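Observations on the model geometry
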Amino acid sequence: MSFQILWLCRIILIVTFISHGSSFPDQVGYYSFMKDATFAPMFARFDYIVIGGGTSGCALAATLSQNATVLVLERGGSPHDNPTATDIGNFATTLSNTSPKSWSQLFVSEDGVYNTRARVLGGGSVLNAGFYTRAGDDYVKEADWMSDEVEAAYEWVEKKVAFKPPMLGWQTALKDGLLEVGEFPYNSFTYDHINGTKIGGTIFDDAGQRHTAANLLEYSNPNSIAVYLHATVHKILFTTKGRPRPKSYGVIFQDANGVLHKAELAKNTMNEVILSAGAIGSPQLLMLSGVGPMAHLVAHGIKPVVLDHPMVGQGMGDNPMNAIFIPSPTSVEVSLIQVVGITKFDSYIEGASGVIFSYSWTRNFFDGVLNYLNEISRTTTSTSLSTQSITDFFKSINPLLNATIKAGLILQKVAGPVSRGHLELRNINPNDNPSVRFNYYQEAEDLEKCVEGISTIIKVINSKAFSKFKYPEATIHGLLDLIRSVPTNLRPRHATSVLNLKQFCIDTVMSIWHYHGGCQVGRVVDKNYKVLGIHGLRVIDGSTFLKSPGTNPQATIMMLGSICFDFNLAYYTFKEVAWKVKHLLYVRIILRAYAVVRMKRVKGKLNIGKETIISETILLLTRLKLSLCQRRVALLLFYLLSVFIVNLQIVTYDYPYNPT
């Protein structure tokens, strides 16, 4: 009995700790646990190593730090080093700054489309247009996520980063125009993904200041987490000693001075390396670490090849965006995405207004494009993209032009998409971009969605509700020709595209920065995001998506990091046991543990009705006043205790997924 009491005391202490560790305040942006990697020790051990402090990595690290030690390695700096750069008025300037140490790392896909990778704590949430919206119910169901857990995780995120937008004149006209052309019903303000027209959330507050995934680190336990900035991970370390398959045990990372550091997992079979470097960085780093298509790795001299994993880098998708620029006879507010028309044909109609144009940052951006193309041309012969459109563009604009332009932009984003491409290494430098091809509009289904989307935009432009913000003499052909004349990409232009919307979509396609894939569920990782064929390694970010969630993925990527996903105290063991055990027996186990915790002896069978069992279990969880994640941990602890006491040898079952 004394041994049982010792177990009970231990469990109560753990539950007490986690129930009081859900939030540790720290001044925003000045986290005591955040340092430059030059201050990192040469060697350290942690329970979890998170590679990438981006949109998912910050949420994930904050969650894990409640019950474990966590190391976060972010290759960029902090958004709080320059707070005004994230203001809504500086959106274009910050995004287009692609200098070597900027937050935005330019890359051009093999399709000839400009794109960017975030290089900053908070990831893409520091650079994007700020729209906040959840994934649809169908998406959650297809992903096999628990809806109540997803709901709670979204709410956890929204307490820190989500706001209701102000909705001024231009955005109101867009909303009314969408309704006038039949994008019903009107769903008012909501974070939910519902067909029709709605006002979504934004990560900009009323003062126009951006809130990012980095703000979620306010939830962290500062005593259990270390965040190192300007820390570039070179490779993940694996061991095969005494194991049938490789196990990750640490990483090698480099600081800004070029010094290499080593971090390893603490000696515990439950500990893991978690890759959250994004849809470009995660498959790239897997390959650099020896996990990927063998022939490709051998060709780049990567040794050893840890695992021949042919699907790494496959299934790359980027939702194509096409837009129409509409000059306005009246002043417009500076606004980013606030309204969306979620159509039945799987195209999302959105808009932004009050473009702040600067010749200097426009020049700097395109100079960056030219420099990028010159650099990659030295190492590859596969890219043959014409830059003539850039040259022609700068011949036509005034170098003294710096103004907030009276205009708006209405765009369509193709849902999905169906078209898919792939990612390959260019070299073995982790700082360089890999080669990526998305194959925009390769599939006819995507192209048809674009045509319907552009057709809907044209109807909105011609609607009575939007007439105030369009010159009466402006023609649709003229507006299409205007966007055709701008170097929105490096693809060939066809004069007939103003008369052929399919050609217009192909010629003027852009990225909306919602690229994903490369480490997809069912191909590279299992449903619990564990890399297939490897122990102790998971991928949790947009690279695992089969398609982009909702109209903007950032809310779901942050949710993905915060939902726990079976980490804390081996919850995944508990989930698989629950799957094996009949429901009534499972509830009785909890009730037995509940009785023990209340210091009551339990002998023999429990002849209690089902309703009583359920109500008693709910009562227990209510009395403990735990968060969702902590309730799951508490249930696991009660389960383990009951197994010990009543000698139910359930833990010896052969689970579908090995917890180690």
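Here goes a summary of the coordinates provided. Because the structure is predicted, anything quoted here is derived from the model rather than measured.

**Here's the deal with the overall build of the protein**
Secondary structure summary: the protein contains 18 helices and 28 strands in total. Of all intrachain contacts in the protein linking residues separated by at least 6 positions in sequence, the fraction that spans at least 24 positions is 74%. Split by element, the accessible area of the protein, about 27,200 Å² in all, is 56% carbon and sulfur.

**A look at helix α2 (residues 57-64)**
Counting buried residues along α2, 8 of its 8 residues qualify, which places the element largely inside the surrounding structure. Of the positions making up α2, those classed as buried are Gly57, Cys58, Ala59, Leu60, Ala61, Ala62, Thr63 and Leu64. Buried residues belonging to α2 abut β3 (48-51), β4 (70-73), α5 (147-161), β11 (225-229), β15 (272-275) and α14 (554-562).

**Some words on the sheet that holds β11**
Across the sheet, 6 strands lie side by side as β1-β11-β4-β3-β15-β28; this open sheet has parallel pairing. Among the strands making up the open sheet, the edge pair consists of β1 (34-36) and β28 (537-539). With strand direction ignored, the average angle separating the axes of adjacent strands in the sheet is 20°. One ladder, built from 4 bridges, connects β3 with β15; its direction is parallel. If you follow Val50 over to β15, its bridge partner there is Ile274. Contacts from helix α7 (residues 278-288) reach β3, β15 and β28, with the element oriented near 130° to β15.

**Digging into the state of the cysteines**
Per the counting criterion, the structure on display carries 1 disulfide. Between the sulfur of Cys450 and that of Cys505 lies a disulfide, 2.0 Å long from S to S. Here the S-S torsion is close to -95°, and the disulfide linking Cys450 with Cys505 is therefore left-handed. Within this pair, whereas Cys450 is found in helix α11 (residues 444-461), its partner Cys505 is found in helix α13 (residues 501-507), the two being separated by 55 residues in sequence.

**Concerning the sheet that holds strand β25 (residues 421-424)**
Taken together, the 3 strands give an open sheet; going across it, the order is β18-β25-β26, and neighbouring strands pair in antiparallel fashion. Each end of this open sheet is capped by a strand with a single partner; those strands are β18 (314-316) and β26 (435-437). Sheet twist, expressed as the average angle between the axes of neighbouring strands with direction ignored, equals 35°. Where β18 and β25 come together, 2 bridges link them in antiparallel fashion. Across the sheet, the residue bridging to Met316 is Gly421, located in β25. Against the sheet, α7 contacts β18, β25 and β26, and its axis sits at roughly 50° relative to β25.

**A look at the environment of Glu333**
Its place among the elements puts Glu333 in the loop between β19 (320-327) and β20 (339-342). Overall, the relative accessible area of 16% leaves Glu333 in the buried class. Note: C-alpha distance between Glu333 and Lys406 (73 residues apart in sequence) is 8.6 Å. Once you skip the residues sitting within four places of it in the chain, Glu333 turns out to touch Leu168, Gly169, Trp170, Gln171, Ser353 and Gly354.

**Considering the pairing of strand β5 (residues 104-108)**
Extensive coverage of β5 is indicated by the burial of 5 of its 5 residues. Side chains of β5 alternate between two faces, with Ser104, Leu106 and Val108 and Gln105 and Phe107 buried alike. As defined by bridge partners, β5 adjoins strand β6 (residues 114-118) across 5 bridges and the pair is classed as antiparallel. Pairing of Phe107 across the sheet is with Asn115, part of β6.

**Comments concerning the packing of aromatic side chains**
Applying the stated criterion to the full structure yields 16 aromatic pairs. Centre to centre, the rings of Tyr139 and Trp145 are 6.0 Å apart; their planes meet at 55°, and the pair counts as tilted. Relative to Phe393, the ring of Phe366 has its centre 6.1 Å away and its plane inclined at 55°; by these criteria the two rings are tilted. Here the residue Phe366 occupies a position in helix α9 (residues 359-377), and Phe393 occupies one in helix α10 (residues 388-395), the gap between them amounting to 27 residues. In this structure Phe366 comes out as buried when scored by relative accessible area, which is 7%. Connected via pairs of aromatic rings, a cluster forms that spans Phe107, Phe438, Tyr440 and Tyr515. Of note, Lys160 hangs over the ring of Tyr219, and the distance from its end group to the ring centre comes to 5.0 Å.

**Observations concerning the environment of Ile458**
Within the fold, Ile458 resides in helix α11. Each C-alpha atom of the pair Ile458 and Ile324 lies 8.5 Å from the other, and the pair is 134 residues apart in sequence. Contact partners of Ile458, with chain neighbours within four places excluded, come to Ile324, Ile476 and Leu501.

**Regarding the nonpolar core**
Counting 141 residues, the largest nonpolar core has Tyr132, Val251 and Ile410 as its most contacted members. For this core, the element with the most residues is α11, which contributes 8 residues. The residues contacting Val251, other than those within four sequence positions of it, are Ile49, Ile51, Leu73, Val233, Lys235, Ile236, Leu237, His261, Lys262, Ala263 and Val273. Phe131, Ala323, Ile337 and Ala352 belong to the second largest nonpolar core, which has 22 residues in total.

**Focus: the pattern of salt bridges**
This structure, assessed with the given rule, holds 13 salt bridges. One salt bridge in this structure joins Asp176 and Lys175, with 3.5 Å as the shortest N-O distance. For Lys175, a relative accessible area of 14% gives the class buried. Residues Arg484 and Asp481 are paired through a salt bridge, measuring 2.9 Å at the closest nitrogen-oxygen approach. With Arg484 and Asp481 both in helix α12 (residues 476-484) and 3 residues apart, the pair spans about one turn of that helix. The class of Asp481 is partly exposed, set by a relative accessible area of 32%. Overlapping salt bridges bring together Arg134, Glu151, Glu158 and Asp192 as one network.

**Quick notes on α14**
Taken across its 9 residues, α14 has 9 buried, putting it largely inside the fold. Buried within α14 we find Gln554, Ala555, Thr556, Ile557, Met558, Met559, Leu560, Gly561 and Ser562. Considering only its buried residues, α14 is in contact with α2, β7 (131-132) and α5.

**Here's the deal with the environment of Ala444**
Relative to the helices and strands, Ala444 is located in helix α11. Overall, the relative accessible area of 56% leaves Ala444 in the exposed class. Residues Ala444 and Lys502, spaced 58 residues apart in sequence, show a C-alpha to C-alpha distance of 9.8 Å.

Each value, and the rule that gives it
- Each chain carries its own residue numbering, running from 1 in the written order of its sequence.
- Totals for whole chains, interfaces and linings use every residue, but because this is a predicted model, local features are given only for residues with pLDDT of at least 70 and side-chain atom pairs only at 80 or more, for both listing and counting.
- Only hydrogens and water are set aside; all other atoms, that is, all heavy atoms of the structure, feed into the side-chain values.
- Each helix is a run of DSSP H or I of at least 4 residues and each strand a run of E of at least 2, with the numbering of both proceeding from the N terminus.
- Every residue pair with non-hydrogen atoms within 4.5 Å of one another is taken to be in contact.
- Shrake-Rupley sampling with a 1.4 Å probe provides the accessible areas, and residues are treated as covered by the protein chains on show and by no other component.
- Any residue under 20% of the maximum accessible area for its type is buried, any over 50% is exposed, and the rest in between are partly exposed; the area is computed with a 1.4 Å probe on protein chains only.
- Note on pairing: DSSP must find at least two bridges between two strands before they are called paired.
- Helix axes use the C-alpha atoms of the stretch in contact, all axes being lines fitted to C-alpha atoms, and the angles between their N-to-C directions lie in the range 0 to 180 degrees.
- When the sulfur atoms of two cysteines come within 2.5 Å, that pair is taken as a disulfide.
- Centres within 6.5 Å are what make two rings of Phe, Tyr or Trp a pair, Trp counting through its six-membered ring; a difference in plane orientation under 30 degrees is then read as stacked, over 60 as edge-to-face, and the rest as tilted.
- Comment: the charge-over-ring label is applied if NZ (Lys) or CZ (Arg) is within 6 Å of the ring centre and within 35 degrees of the ring normal.
- We define a nonpolar core as any set of buried Ala, Val, Leu, Ile, Met, Phe, Trp, Tyr and Cys residues linked to one another through side-chain atoms lying within 4.5 Å.
- Put simply, a salt bridge is a Lys or Arg side-chain nitrogen that is within 4 Å of an Asp or Glu carboxyl oxygen.

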